[in-house]
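Architecture at a glance
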Amino acid sequence: MAPITEKEDIKRKRGALSCAECRRLKLKCDRIFPCSSCRKRGCASICPDGALTAGKLGGRFILANTEELHGRISELQTRIAQLEEALGAAHAQTSASGERHPLLRDELLALKMPIGSEIRNDRVTSSLPYSEMNRSHSDEPEKTLEAFGTLKIGEGGVSTFYGTTVGSEFLMEEKNESDEESGNEPESSAQAQAEWLYPETSHLAHAFPFATLTSDVETVKAQLRGYLPSTNECLHLCRSYFNHAAWMYCPLPRKQFFEDVFAPLYDPVTTKPISSHNLAVMFAVLALGCLVDLDREPYDPDAEKYHQLTRAAISIESCLENTTIAAVQTLLLMAYYNQMSDKKTGPTLTWSLNGLAVKLAQAVGDAFTPCVFSR
């Protein structure tokens, strides 16, 4: 604290002046001591004549020592608890009535509780004795653990985070289903794909996004185009997507889709070539169109079929190496599909695909402009 000179003392006697701390920091002082500025900064005890000595951090003296102050408070709370225990033990030995010492009343014992605990539990514990308040605080670690949610770690280190809403019954049900599936020994997805996909196409769909093409690009594109539906069926599914699904997520406008994707595939007059990523956009729209088609059963198998074709088409030219806007659009549509599907891995795939799409969008750079995705 800086000493007050005789000259300053004379001036203060003549009339009210700003406090020493406000003058040091050049702050406006309301001259009602302790002033509002000192109260806000936590140094009301030195107002009006005292001033803080700046530390190594200059004007941030108080904030810089917040951690140290909390540590000191914690030490004092521990010391108070020790003295209370010693006082209680000494009083029990000298008191014949068995009553507690007047300084060990519940309201006085509660004074050393951590700052903020009385705010959290004010409505619950304000009327409880101190012993019951201690018992309620002992349950806090269990509540804290529950707040983190459930993380499942399977064989080989595969982990799945279910969040805070899943219960143990879900994990038990999942285990029973896996046991039933292992007993029935159903075909894997790769084996099921091999029944209706060409070997090269099946490999691309199964190894997405790290697939390696071993055949000619145009040959595989021709194979994939053979899986496209008729013109009327394709129009129906595309309209189903734009009418029933694009209202939530629409990474490509309707006009752009029909000009750049639909026309090169179905309009015989158009001579514009179709890229593999635009072909993937078409299959992704068909997959979503099947999924939200009101004329089909829920989770129609054709939706998963077109989704697998989407994975194969986007793998012809790796989206990780040849990043295009169409590739980003396809990944967003694939994430949307997995979000709406009934697969248990759907939420995980949705999160991963959205993250990959954002990273690739950054790689596109200046070509990835907002106007491209305006509706």
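Residues numbered from 1 in each chain as written. Predicted model: local features only at pLDDT ≥ 70, side-chain atom pairs only at ≥ 80, totals over all residues. Heavy atoms only, no water.

A short note on unusual backbone geometry
In plain terms, the rule: Helix and strand labels come from DSSP, where a helix needs a run of H or I of at least four residues and a strand needs a run of E of at least two; each type is numbered from the N terminus.
The omega torsion across F33 and P34 is -5 degrees, close enough to zero to call that bond cis. Structurally, P34 can be placed in the loop between α2 (20-25) and α3 (36-41). Each neighbour pair has its own omega, and for C47 with P48 the value is 15 degrees, a cis peptide bond. Take P48: it is sitting in the loop between α3 and α4 (61-64).

With respect to the pattern of salt bridges
Heads up, the rule is: We define a salt bridge as a contact between a side-chain nitrogen of Lys or Arg and a carboxyl oxygen of Asp or Glu at a distance within 4 Å.
Taken as a whole and judged by the stated rule, the model has eleven salt bridges. Between R296 and D300 there is a salt bridge whose closest N-O contact spans 3.4 Å. Each of E233, D293, R296, D300 and D302 takes part in salt bridges that share partners, so that together they form one network.

Quick look at the environment of V217
Quick reminder of the rule: Burial classes: relative accessible area under 20% of the type maximum marks a residue as buried, over 50% as exposed, and values in between as partly exposed (1.4 Å probe, protein chains only).
By secondary structure assignment, the location of V217 is in helix α14 (residues 217-225). On the accessibility criterion, V217 (28% relative accessible area) is partly exposed.

Quick notes on the nonpolar core
Rules: Among the buried residues, those of types Ala, Val, Leu, Ile, Met, Phe, Trp, Tyr and Cys that are joined through side-chain atoms within 4.5 Å form a nonpolar core.
L224, Y241, F257, M282, F283 and L286 are the most contacted members of the largest nonpolar core, which totals 61 residues. Sorting the residues of this core by element identifies α13 (199-207), α14, α15 (231-244), α16 (254-266), α17 (276-291), α18 (301-316), α19 (325-340) and α20 (346-364) as the ones contributing at least two each. Top element by residues in this core is α17. It accounts for twelve residues. By size, the runner-up hydrophobic cluster in this structure holds nine residues, among which are C35, C38, C47 and L52.

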